[in-house]
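Observations on the three-dimensional arrangement
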Amino acid sequence: MDLHLRFLNWLGMLWEKMFVMLLRNSSKVCISKIIKNRIKEGLADIVSINQSAFVPGRRISDNILLTQELMHNFHRKIGPPRCAFKVDIQKAYDTVEWSFLEKTLLGFRFHPKIVKWIIACVSSTSFSLAINGSLYGYFKGRRGLRQGDPMSLYLFTLVMEVLSLILQNQVSLSSEFRFHNKCEKQRIINLCFADDLFLFARRHPRSARVVMGALNQFQNMSGLVPSMAKSMVYFGNVTEGVKDRIKSIMNIEEGELPVRYLGVPLISTRLHHKDCKRLIECLDARITDWKNKCLSFVGRLQLIKSVLSSMHVFWASVFVLPKRIIHEIEERMRRFLWNQGNNIKGKVKVKWKSVCLPKSEGGLGIRRVGDMNNALMVNHIWSLLSLRESLWVRWIHSYRIRNRSFWDIPVGSNIACSLRKMLGLRPLIRDHVWINVGSGTKTFAWFDKWDAVCPIARILTPRIIANAGFNMNTKLAEVYADGAWLWPNTWMDRFPALAQIQIGELDQMRQDKIEWQTNSGHRLEFNTAIVWNDIRFYQNEVPWANLVWFPQAIPRHSFLTWLFVQRKLKTQDFMSRWISSGNANYNLMCCSLCSSCPDSHGHLFFECGYATTVWNGAKGKADMADLDNDWNTIFQHLLTIAYSKTARNIIAKILVSASTYFIWEERNRRLFSSRKRNACQLVEVILSTVRLKLHTMRFKTTPSTIQVLQEWALPRGLLVPDDDCG
């Protein structure tokens with residue numbers, strides 16, 4: 001036994017020496033990530049629920065939504081007098097005392113050895129001076145947490161938890177503090193996201209004195225200094241005399257709403273267009289930065305999907321955006337797609353409603369802002385229905401829902417705008433939210449949807465329910481027991497729909513579970529993507545999607561093919577519709593490739609004499625030599641191979657898209673410049689482009705594939721033994 005203990009001690013000393021050596025000689029980021037993952041595992045058990053920063057399972061939107069509720073109607077002189085303090089902390093991460101951090105970790109019962117490792121990582125920092133772009137010397141740091149260190153975020157969250165504990169302790173010891181009128185049930189004093197701190201109290205100067213005492217105590221312990229010059233206080237229905245006393249105690253100035261909080265405007269009324277001005281300005285700045293760059297349609301499409309479409313997501317996850325703002329966001333996205341952000345009319349080729357469909361339904365896969373906004377807000381509704389562990393959820397159930405069904409809450413004027421907008425989404429999702437009944441003790445009998453006939457409140461009026469001895473909050477277990485209904489038998493005769501309800505025995509050992517039912521009738525675990533797919537505008541899937549958008553396609557060729565398949569290219573037959581407005585003369589139009597007649601989608605691809613020559617020179621390389629020079633024939637052939645993964649069929653799709661692209665390019669070149677290429681030159685351009693694309697692919701080793709490589713003069717190094725071409 002002694003030998004075993006000696007071995008363990010020796011092993012521990014060896015690991016400690018190795019840790020110090022790693023810290024000195026290798027990347028500190030790897031060590032920080034390892035320690036961060038260990039800290040994160042139990043963070044939710046240590047940090048109080050009023051902190052939502054970097055704690056798994058908590059959201060930044062909870063703080064925003066709850067703060068809006070607590071500051072609702074602050075602009076009006078009604079309700080109990082109350083105040084809120086937005087406190088700024090000077091250089092928060094850079095001023096944490098290391099001795100305080102060590103005591104904090106030990107106080108939270110971290111193992112002394114891991115505390116030692118954390119302090120070793122934190123205190124190993126050093127600084128250099130940059131003078132005229134050159135670094136000179138270095139000096140050791142004495143306090144602070146490194147910005148960008150993976151561990152710093154979680155350590156600072158633990159430091160701010162000490163402030164929450166000090167506030168709670170000061171309030172429990174003092175009889176002078178008075179809670180904000182909407183905070184007493186949850187004993188909310190502060191809401192914190194990293195160094196963004198909000199404090200709430202009644203309008204009593206004595207409450208402000210308690211808060212100030214707690215801040216001073218925290219400052220003396222941690223080294224974090226509240227900057228009262230940058231902090232603000234907001235009053236709701238407070239007299240001027242009391243305001244002056246509170247401001248003198250806190251040494252703080254009064255602010256005006258709206259104020260920026262966690263990246264969005266904090267408002268006490270509904271969200272206006274002017275409050276979202278910053279979002280529009282950010283979009284304009286990003287588009288202006290791209291406007292002068294030579295971007296193709298597909299390049300602009302990718303930027304819209306990856307950048308512009310995500311810029312509004314944070315706002316849309318907190319607010320139901322005003323319709324005017326949604327229109328302006330989509331207008332900028334549309335204008336950037338079709339004319340690179342320039343304010344030029346007449347260049348839109350496809351309706352925005354169709355553009356925003358998924359590619360499988362004939363669109364480009366851009367998500368509409370309004371649909372995405374609704375889906376993100378439904379995420380909060382789901383939190384309320386599923387009782388997610390959140391301070392905002394607890395608060396809403398305590399002060400707004402009050403043991404009622406979410407579907408039965410009236411939309412009153414005393415409800416904050418965010419919750420009022422969520423309640424307005426109830427008809428949109430009503431038929432999608434189902435209860436998988438277990439014991440029936442959590443399911444509202446009249447309002448929840450646990451059968452196709454439900455909700456029963458659509459059939460029974462409140463008076464009928466009350467006359468039978470029930471109330472509106474009756475649970476399913478109270479009206480159904482031992483396989484029989486406990487409501488009056490006369491209901492079955494008066495309301496035949498009730499007889500169609502089918503329910504088995506209630507399982508007392510199983511909890512009721514909320515589920516999302518899709519449009520197709522499947523019950524799935526909730527997520528925002530499923531909601532968006534069920535509430536968006538949709539059309540039937542098109543059969544040609546996979547022959548336009550396939551993994552091996554050249555993106556800019558696919559975009560033009562997408563326009564061509566939908567007959568949206570500005571050919572001369574299309575422009576002939578402008579004759580009535582005097583913008584074109586159809587009699588003077590002729591195909592720039594063959595000069596025989598006005599061009600059209602059918603003529604250009606591939607009936608034109610020039611296009612026919614090009615197509616005859618290219619199609620043999622894709623095993624399509626027997627096909628007629630007619631787009632409908634080619635299109636029907638492509639539909640039969642749309643989902644094929646063989647090398648020949650993939651090359652056929654690439655070749656048709658490339659031919660379409662370069663014939664259209666040559667047509668426009670001849671219309672708008674004097675440069676021309678003959679058919680043989682264009683065939684060579686098409687084949688070389690396809691060959692270059694094939695060089696980026698890998699092919700499964702089969703006799704057919706080997707033959708294809710020989711025909712295209714490709715190296716055998718493109719062959720792989722176990723993978724399909726791609």
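Definitions and cut-offs
Residues numbered from 1 in each chain as written. Predicted model: local features only at pLDDT ≥ 70, side-chain atom pairs only at ≥ 80, totals over all residues. Heavy atoms only, no water. Helix = DSSP H or I, 4+ residues; strand = E, 2+ residues; numbered from the N terminus. Contact = heavy atoms within 4.5 Å. Pairing = 2+ DSSP bridges. Axes fitted to C-alpha atoms, helices over the stretch in contact; angles between N-to-C directions. Buried < 20%, exposed > 50% of the residue type's maximum accessible area, 1.4 Å probe, protein only. pLDDT = per-residue confidence, 0-100. Core = buried A, V, L, I, M, F, W, Y, C linked by side-chain atoms within 4.5 Å. Phe/Tyr/Trp six-rings, centres within 6.5 Å; stacked < 30°, edge-to-face > 60°. Parallel < 35°, antiparallel > 145°, perpendicular 65-115°, else oblique. Left-handed = near helix turned anticlockwise from the far one by under 90°. Nonpolar A, V, L, I, M, F, W, Y, C, P; charged D, E, K, R; others polar. Salt bridge = Lys/Arg side-chain N within 4 Å of Asp/Glu carboxyl O. Expected span 1.5 Å × (residues − 1). Arc of directions from axis to C-beta. Polar contact = N/O pair within 3.5 Å; in protein donor to acceptor, adjacent residues only side chain to side chain.

We now examine the environment of Ile-267. Among the secondary structure elements, Ile-267 is positioned in the loop between β9 (264–266) and α10 (277–291). Measuring from C-alpha to C-alpha, the distance between Ile-267 and His-72 comes to 7.6 Å, with 195 residues separating the pair along the chain. When residues no more than four places from it in sequence are discounted, the contact partners of Ile-267 are Gln-68, Pro-258, Asp-275 and Phe-319.

We now examine the sheet that holds strand β14 (residues 523–524). In spatial order, the strands read β10-β13-β14; together these three strands make up an open sheet with antiparallel pairing. The open sheet terminates on both sides in strands that have one partner only, identified here as β10 (433–436) and β14. Summarising the sheet, β10 and strand β13 (residues 513–517) pair through four bridges and their orientation is antiparallel. Across the sheet, Asn-436 pairs through a bridge with Lys-513, a residue of β13. Along the sheet, helix α15 (residues 369–386) makes contact with β10 and β13, crossing β13 at roughly 150°.

Here we take up the pairing of strand β4 (residues 190–193). Where burial is concerned, the two faces of β4 agree: the one with Asn-190 and Cys-192 and the one with Leu-191 and Phe-193 are both buried. Note that β4 and strand β5 (residues 196–202) share four bridges and pair antiparallel. Looking across to β5, one finds that Phe-193 is bridged to Asp-196.

This part takes up the confidence of the model for the protein chain. Scored by pLDDT, the protein chain has a mean of 88; 93% of the residues are at 70 or more. Taken element by element, the predicted model of the protein chain shows its lowest mean pLDDT in helix α1 (residues 2–25) (53) and its highest in α15 (96).

All right, on to the nonpolar core then. If you look at the biggest cluster of nonpolar residues, it comprises 234 residues, and the most contacted ones within it are Ile-39, Phe-85, Leu-215, Met-250, Trp-446, Trp-487 and Trp-562. The leading source of residues in this core is helix α28 (residues 647–672), at 12 residues. Those residues in contact with Met-250 that lie beyond four places of it in its chain are Phe-85, Ala-208, Val-211, Met-212, Leu-215 and Met-228.

Here the focus is the packing of aromatic side chains. Under the counting rule described, the total for this entry stands at 33 aromatic pairs. Between Trp-395 and Tyr-399 the ring centres are 4.9 Å apart and the planes differ by 25°, which places this aromatic pair in the stacked class. Of this pair, Trp-395 and Tyr-399 both sit in helix α16 (residues 391–401), four residues apart, which is roughly one turn of the helix. Each member of the pair, Trp-395 as well as Tyr-399, is classed as buried. Summarising the aromatic geometry, the rings of Phe-406 and Trp-407 are spaced 5.3 Å apart at their centres and angled 80° between planes, so their arrangement reads as edge-to-face.

Strands pair in a sheet through their backbones, by hydrogen bonds, and they do so in one of two ways: parallel or antiparallel. Sheet architecture is open: five strands sit in the order β4-β5-β1-β6-β7, paired in mixed fashion. In this open sheet, the two edge strands, each paired with only one partner strand, are β4 and β7 (253–254). Sheet contacts for helix α4 (residues 60–70): β4 and β5; angle to β4, the most-contacted strand, approximately 150°. Sheet strands touched by helix α9 (residues 240–250): β1 (82–89), β6 (226–236) and β7. Its angle to β6, the strand with the most contacts, is close to 160°.

Counted residue by residue, β5 has five buried out of seven residues, so it is predominantly covered. Direction of pairing for β1 relative to β5: antiparallel, over a ladder of six bridges. The residue of β5 that forms the bridge with Phe-85 is Leu-199. With antiparallel pairing between neighbouring strands as the criterion, β4 and β5 make up a hairpin whose turn holds two residues, including Ala-194 at a positive phi of roughly 55°.

Let us now look at the environment of Asn-216. Inspection of the secondary structure puts Asn-216 in helix α8 (residues 205–222). Classification of Asn-216 by relative accessible area gives partly exposed; the value is 33%. Each C-alpha atom, one on Asn-216 and one on Pro-226, is 8.4 Å from the other, the two residues being 10 residues apart in sequence.

Between helix α26 (residues 609–618) and α28, the least distance of the axes is 11 Å, while the angle of their chain directions is 150°. On the basis of their axis angle, the class for α26 and α28 is roughly antiparallel. The crossing of α26 and α28 is right-handed. Judged by residue contacts, Tyr-610, Ala-611, Val-614, Trp-615 and Ala-618 of α26 engage Leu-655, Val-656, Ser-659, Ile-663, Glu-666 and Arg-670 from α28. Along the lines of polarity and charge, the residues of the contact of α26 with α28 split into eight nonpolar, one polar and two charged.

Before going further, it helps to examine the pattern of salt bridges. Going through the model one piece at a time under the given rule, you end up with 22 salt bridges. With its nearest N and O atoms 3.2 Å apart, the salt bridge here joins Arg-523 to Glu-515. Salt bridges sharing common partners tie together Glu-665, Glu-666, Arg-670 and Arg-677.

Here the bond from Leu-257 into Pro-258 is cis, since omega is 5°, no more than 30 degrees from zero. On the secondary structure map, Pro-258 appears in the loop between β7 and β8 (259–261). Across the junction of Phe-605 and Phe-606, the peptide omega takes the value 10°, indicating a cis bond. Tracing the backbone shows Phe-606 in helix α25 (residues 601–607).

On to helix α29 (residues 679–695). Owing to its 3.6 residues per turn, the α-helix brings residues three or four apart onto one side. The end-to-end C-alpha distance of α29 is 25 Å, a good match for the 24 Å that 17 residues give at a rise of 1.5 Å each. Among all positions in α29, only Ala-679, Leu-682, Val-683, Ile-686, Leu-687, Thr-689, Val-690 and Leu-694 are buried. Buried residues of α29 fall within an arc of 155° about the axis and therefore sit on the same side. Opposite the buried face of α29, by more than 90 degrees, sit the exposed residues Cys-680 and Leu-692. Where α29 is buried, its residues meet α23 (555–565), α26, α28 and β15 (699–700). Capping of α29 at its N-terminal end is provided by Asn-678; its side-chain oxygen lies 3.2 Å from the backbone amide nitrogen of Cys-680.

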